[in-house]
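# Working through the structure, step by step
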Amino acid sequence: MSGINKVILVGHLGKDPEVRHLDGGVTVASFPLATSETYNKDGKRVEQTEWHNIVLWRGLAEVASKYLQKGKLVYIEGKLRTRSFEDKEKVKKYVTEIVAENFTMLGRKSDFEPGQATNHSQPNSETKIEDEFTIRSGDESGDLPF
């Protein structure tokens, strides 16, 4: 039996997507995503934030670079990937990333129109969500998922 590697996150972008163009015209975008949860400890409200490294490829990266900005709220589905590399001192390092398969931009439609000024304030948790836009990566391999 195969395993399941599925990640679902809703959080705020920690900075604008960083876009790179690799050999062969492949586009990759990456950004940190913050997810927060609150709980009570000894009668005090405590907020705990986790940071996730998000990576998007090809068309998904192009859309992200056009519409996503620091502070925006997004829903992301993807897979965990861990890769290794050697730093300048030849020490092997590991990094775990979420490779996004699709994302949904949450918030008002006007928040994601190109050319809008970036609003770096955190959205209020009571903000009404007027529209959602779901972007999915294409299956470029032509293989069926089963």
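Residues numbered from 1 in each chain as written. Predicted model: local features only at pLDDT ≥ 70, side-chain atom pairs only at ≥ 80, totals over all residues. Heavy atoms only, no water.

## Structural notes on the overall build of the chain
Here is the rule: Secondary structure elements are defined from DSSP: runs of H or I of at least 4 residues count as helices, runs of E of at least 2 residues count as strands, and each element is numbered from the N terminus. Each residue's exposure class comes from its accessible area (1.4 Å probe, protein chains only) as a fraction of the maximum for that residue type: buried when under 20%, exposed when over 50%, partly exposed otherwise. For this analysis, residues touch if any pair of their heavy atoms sits within 4.5 Å. Computed with a 1.4 Å probe, the accessible areas rest on the Shrake-Rupley method; for each residue, only the protein chains presented here act as cover.
For the chain, the helix and strand inventory stands at one helix and seven strands. Along the chain, helices and strands appear, N-terminal first, in the series β-β-β-β-α-β-β-β. Buried positions account for 29% of the 146 residues belonging to the chain. Pairs at least 24 residues apart make up 60% of the contacts formed inside the chain by residues separated by at least 6 positions. Summing over all exposed atoms, the chain offers an accessible surface of approximately 10,300 Å²; the carbon and sulfur share of this is 47%.

## Focus: the confidence of the model for the chain
Stated precisely, the cut-off is as follows: A residue's pLDDT is the confidence the predictor assigns to it, expressed on a 0 to 100 scale.
In this model, the chain carries an average pLDDT of 82, and 75% of its residues clear a pLDDT of 70 or more. Put simply, strand 7 (residues 131-136) is where the chain has its lowest mean pLDDT, 53, and strand 1 (residues 7-13) is where it has its highest, 97. Segment residues 116-132: pLDDT under 50, and 20 contacts once partners within four positions in sequence are set aside and those in other chains are kept. Under a pLDDT of 50 for its full length, residues 139-146 has, in the predicted model, one contact with residues more than four places off or in other chains.

## Remarks on unusual backbone geometry
Phi is positive for Asp42, close to 55°, though the residue is something other than glycine. Here Asp42 shows up in the loop between strand 3 (27-41) and strand 4 (44-57). In this model, Arg58 sits at a positive phi of 50°, which is unusual for a non-glycine residue. Topologically, Arg58 is positioned in helix 1 (residues 58-67).

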